[in-house]
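Residues per chain, in single letters:
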Amino acid sequence: DAGITQSPRYKITETGRQVTLMCHQTWSHSYMFWYRQDLGHGLRLIYYSAAADITDKGEVPDGYVVSRSKTENFPLTLESATRSQTSVYFCASSELGVGGELFFGEGSRLTVL
Amino acid sequence: AQSVAQPEDQVNVAEGNPLTVKCTYSVSGNPYLFWYVQYPNRGLQFLLKYITGDNLVKGSYGFEAEFNKSQTSFHLKKPSALVSDSALYFCAVRTGFQKLVFGTGTRLLVSP
């Protein structure tokens, strides 16, 4: 089915472990984004990508790594998870253009113990 | 820097009554404004947007929003609320290229 899918939907890990959250979109949108949602902060941009092999930092990039070797995939890696990275992570995609709305995945709920 | 404020953490309204969810913004330049809705354990869904033109924008599920440049506001409205409208609503603003800034969200509770 067309859309944007995230996996895993739920993940529990321990401090110091590496975690990768996957994001896949079938629309061939140029832009992809990773946000985290925390109570009292709304959504904050972690990283975004304008095209394959082009990525840039958002508001809260520290502790995260992204890659985009293919247009449809945009994985987010926590290289050494910390408790402060416990959050709900949303991937989104958008067509080119400042007026284009974002299409969001269902989210990945990550708990770091 | 661009920012969005949603001054109410929660809005309560009875079913059938009109509802308003407030949003104000601060940007330099022309804003592109958006409203999204989030149901429990789901991703955000696009409701409507203002890019240019008519200040009254109509969107999904009977929602509308009015862009007011002098008051730097973009309040979300609906003439008659439904219980199923209960959700978390986010206002967002964009200037520049594709960097959308979200407000902290307003929880709407519609009572039967």
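Residues numbered from 1 in each chain as written. Chains lettered and ligands numbered in written order. Predicted model: local features only at pLDDT ≥ 70, side-chain atom pairs only at ≥ 80, totals over all residues. Heavy atoms only, no water.

J.: For this particular structure, what's the right way to read the pattern of salt bridges?
T.: When the charged atoms of two side chains lie near each other, side chains of opposite charge can form a pair. Taken as a whole and assessed by the stated rule, the structure comprises seven salt bridges over all chains. For A:Asp38, the salt bridge goes to A:Arg36, with nearest N and O atoms at 2.8 Å. A:Arg36 matches A:Asp38 in its accessibility class, with the two residues each being buried. Residues A:Glu106 and B:Arg42 are paired through a salt bridge, measuring 2.6 Å at the closest nitrogen-oxygen approach. Taken as a pair, A:Glu106 in the loop between strand S10 (102–104) and strand S11 (108–112) and B:Arg42 in the loop between strand S5 (32–38) and strand S6 (44–50) lie in two separate chains rather than in one. (Salt bridge = Lys/Arg side-chain N within 4 Å of Asp/Glu carboxyl O. Buried < 20%, exposed > 50% of the residue type's maximum accessible area, 1.4 Å probe, protein only. Helix = DSSP H or I, 4+ residues; strand = E, 2+ residues; numbered from the N terminus.)

J.: Looking at this structure, how should I read the layout of surface pockets?
T.: Any space left empty among the atoms is revealed by the rolling of a water-sized probe across them. Estimated volume of the largest pocket: approximately 600 Å³. As for the largest pocket, its lining consists of 26 residues, and the residues nearest its centre are A:Gln37, A:Leu39, B:Gln38, B:Leu88 and B:Arg107. Those elements that provide at least two residues to the lining of the largest pocket are strand S4 (31–38), strand S9 (87–94) and S11 of chain A together with strand S10 (87–95) of chain B. The element that contributes the greatest number of residues to the lining of the largest pocket is S10(B), accounting for three residues. Across the lining of the largest pocket, the residue classes tally to nine nonpolar, 10 polar and seven charged. Estimates place the volume of the second largest pocket at around 230 Å³. Lining the second largest pocket are 14 residues; nearest its centre among them are A:Leu45, A:Glu59, B:Leu100, B:Val101 and B:Phe102. When contributions to the lining of the second largest pocket are tallied by element, the ones reaching two or more residues are strand S5 (42–51) of chain A together with strand S11 (99–102) of chain B. The element contributing the most residues to the lining of the second largest pocket is S11(B), with four residues. In terms of residue class, the lining of the second largest pocket is built from six nonpolar, four polar and four charged. (1 Å grid on protein atoms, 1.4 Å probe; cavity = no way out; pocket = protein on both sides within 12 Å on 5 of 7 lines; lining within 4 Å. Points joined across faces, edges and corners; volume = space filled by probe spheres on them. Nonpolar A, V, L, I, M, F, W, Y, C, P; charged D, E, K, R; others polar.)

J.: What exactly am I supposed to notice about the interface of chain A and chain B here?
T.: A common way to state how big an interface is: give the accessible area lost once the parts meet. With 25 residues of chain A at the contact, the number on the chain B side is 22 residues. Roughly 1,900 Å² of surface becomes buried between chain A and chain B when both sides are summed, with 54% attributable to carbon and sulfur atoms. For the interface between chain A and chain B, the tally reads two salt bridges. Summed over the shared surface of chain A and chain B, the number is seven residue pairs in polar contact (both at pLDDT 80 or more). When contributions to the side of chain A that touches chain B are tallied by element, the ones reaching two or more residues are S4, S5, S9 and S10 of chain A. The greatest single-element share of the side of chain A that touches chain B, amounting to four residues, is contributed by S4(A). Here the side of chain A that touches chain B is built from residues that sort into 10 nonpolar, nine polar and six charged. (Contact = heavy atoms within 4.5 Å. Buried area = accessible area lost by both parts, 1.4 Å probe. Polar contact = N/O pair within 3.5 Å; in protein donor to acceptor, adjacent residues only side chain to side chain.)

J.: Honestly, the state of the cysteines in this entry has me stumped. Any pointers?
T.: Residues and elements named next belong to chain A. Overall, the coordinates contain two disulfides over all chains when judged by the stated rule. Covalently, Cys23 is tied to Cys91 through a disulfide, its sulfur atoms 1.9 Å apart. Of note, the bridge from Cys23 to Cys91 carries an S-S torsion of about -75° and is left-handed in sense. Here Cys23, found in strand S3 (residues 19–25), pairs with Cys91, found in strand S9; they are 68 residues apart in sequence, far enough to count as distant. (Disulfide = S-S within 2.5 Å.)

J.: Got a minute to help me understand the packing of aromatic side chains in this structure?
T.: To describe a pair of aromatic rings, you give the distance between the ring centres and the angle between the ring planes. Under the criterion given, the structure shown has 17 aromatic pairs over all chains. Measuring from ring centre to ring centre gives 6.4 Å for A:Phe90 and A:Phe104, while their planes differ by 80°; the resulting arrangement is edge-to-face. Taken as a pair, A:Phe90 in strand S9 and A:Phe104 in strand S10 lie far apart in primary sequence, 14 residues in all. Just as A:Phe90 is buried, A:Phe104 falls in that class too. Aromatic pair B:Tyr36 and B:Phe46: ring centres 6.0 Å apart, planes at 70°, arrangement edge-to-face. Within this pair, whereas B:Tyr36 is found in strand S5, its partner B:Phe46 is found in strand S6, the two being separated by 10 residues in sequence. By relative accessible area, which is 0% here, B:Tyr36 ends up buried. (Phe/Tyr/Trp six-rings, centres within 6.5 Å; stacked < 30°, edge-to-face > 60°.)

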